[in-house]
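Results of the structural survey
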Amino acid sequence: MTKRLTITIDGPAGAGKSTVARCVAERLGYTYVDTGAMYRAVALQAVRMGISPQDEEGMSRLLEETSIVYRSGRTLLNGEDVSEAIRTPQVTALVSEVACIPLVRAFLVECQRQMGAEGGVVMDGRDVGTVILPEAELKIFLTASLAERARRRQLEWQEKGVEASREEVEQEIRARDKMDREREVGPLRIADDAIIIDSTELDVDEVVDQIVQLALAIKGEDTP
Ligand code: CDP
């Protein structure tokens, strides 16, 4: 049997990680895991339960009572498919604050580690190559200029019928990146052995091709 790699894709908000990671997984026949979706599910549950991220006891109770499952590209919160509900501006505005809480990170990191344990996985997020799967064979840090990331995110919002100015989107991304970089546990940073890809001037297919080629080179094969 050919070797099934572990591939991690980390990077700032709006760099295109999810789209790229999903395509890479498809091309290689691997499983895709979106770790950000799981943080979003915790944030959604906090909204629903009316618990503030600053309320440590409340958040601890929330984690005890909540099951979060990521399976076949869908996010399940206590069994309910919340894949769309976790993408709203309200959840997006809260998620990085929730992701700073050490208790939340410990809860999700353990679960995400298990999901990646068998290999044959492409996992994207902020701390995948550094904390969740530090032994991964291929680590990518995917980035793009702030202006380009804001442009892409604004288009995404528009497709969902959410109107926001470029400045508002840029502001939201900048605030989230700052929180993600500056938190003490699992901050966004480039793993020492990561390959940096700047996608400012590349389309999705070009980025996917680069990553698939890197994966095949590691496997010592020409085709998946
Ligand atoms: O908006 P985007 O797709 O870039 O973000 P996401 O991947 O859905 O992640 C949402 C938020 O979850 C991030 O801004 C981080 O605050 C948090 N996150 C994290 O802390 N660690 C991860 N491994 C993944 C996401």
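Summary of the structure given here. (Residues numbered from 1 in each chain as written. Predicted model: local features only at pLDDT ≥ 70, side-chain atom pairs only at ≥ 80, totals over all residues. Heavy atoms only, no water.)

Along the protein, the regular secondary structure elements total nine helices and eight strands. Computed over the C-alpha atoms, the radius of gyration of the protein is 17 Å, within 12% of the 17 Å expected from 2.2 N^0.38 for a compact globule of 224 residues. Expressed as lengths along the three principal axes of its C-alpha atoms, the size of the protein is roughly 50 × 40 × 30 Å. Across the 224 residues that make up the protein, the buried fraction comes to 49%. In the protein, 74% of the contacts between residues at least 6 apart in sequence involve partners at least 24 apart. Accessible area of the protein: about 10900 Å², with a carbon and sulfur share of 49%. (Helix = DSSP H or I, 4+ residues; strand = E, 2+ residues; numbered from the N terminus. Rg over C-alpha atoms; globule rule 2.2 N^0.38 Å. Buried < 20%, exposed > 50% of the residue type's maximum accessible area, 1.4 Å probe, protein only. Contact = heavy atoms within 4.5 Å. Areas by Shrake-Rupley, 256 points an atom, 1.4 Å probe, with all protein chains shown as cover.)

Further remarks concern the site of the ligand. If you check the shell around the ligand, you find 19 residues, and the closest are R40, R105, D127, R153 and D180. Note that a nitrogen atom of the ligand is positioned 2.7 Å from one of the side-chain N or O atoms of D127. D180 is positioned such that a nitrogen or oxygen atom in its side chain is 2.6 Å from an oxygen atom of the ligand. In the complex, the protein chains occlude 98% of the 530 Å² of accessible area that the ligand would expose alone. Breaking the shell around the ligand down by element, the ones donating at least two residues are α2 (35-49), α4 (89-99) and α8 (166-182). Here the element with the most residues in the shell around the ligand is α2; it accounts for four residues. Residue composition of the shell around the ligand, by class: four nonpolar, five polar and ten charged. (Near = heavy atom within 4 Å. Polar contact = N/O pair within 3.5 Å; in protein donor to acceptor, adjacent residues only side chain to side chain. Nonpolar A, V, L, I, M, F, W, Y, C, P; charged D, E, K, R; others polar.)

Left-over empty space is what a probe sized like a water molecule reveals as it rolls over the atoms. In this structure the tally under the stated criterion is one cavity of 30 Å³ or more. If you go around the largest cavity, the residues you meet are T8, D10, G129, K139, I140, F141, R189, I190, A191 and A194. Put simply, the parts of the chain that give the lining of the largest cavity at least two residues each are β1 (6-10) and β7 (138-143). At three residues, β7 tops the list of elements feeding residues into the lining of the largest cavity. (1 Å grid on protein atoms, 1.4 Å probe; cavity = no way out; pocket = protein on both sides within 12 Å on 5 of 7 lines; lining within 4 Å. Points joined across faces, edges and corners; volume = space filled by probe spheres on them.)

It is worth spelling out the environment of L108 at this point. You can see L108 is positioned in helix α5 (residues 102-116). The class of L108 is buried, set by a relative accessible area of 1%. A C-alpha to C-alpha distance of 7.4 Å links L108 and M38, two positions 70 residues apart in sequence.

Note that strand β3 (residues 68-71) and strand β4 (residues 74-77) share four bridges and pair antiparallel. Paired with Y70 across the strands is T75, a residue of β4. With two bridges joining them, β4 and strand β5 (residues 80-81) adopt antiparallel strand pairing. Across the sheet, residue L77 finds its bridge partner in β5, namely E80. The loop that links β4 with its antiparallel partner β5 comprises two residues; one of these, N78, has a positive phi angle of about 45°. (Pairing = 2+ DSSP bridges.)

Let us now look at the packing of aromatic side chains. Under the definition given, this model contains one aromatic pair. With a centroid separation of 6.3 Å and 90° between ring planes, the pair formed by Y32 and Y70 is classed as edge-to-face. Of this pair, Y32 sits in strand β2 (residues 31-34) while Y70 sits in strand β3, and the two are 38 residues apart along the sequence. By relative accessible area, Y32 is classed as buried at 9%. Take Y70: its relative accessible area is 7%, and that puts it in the buried class. (Phe/Tyr/Trp six-rings, centres within 6.5 Å; stacked < 30°, edge-to-face > 60°.)

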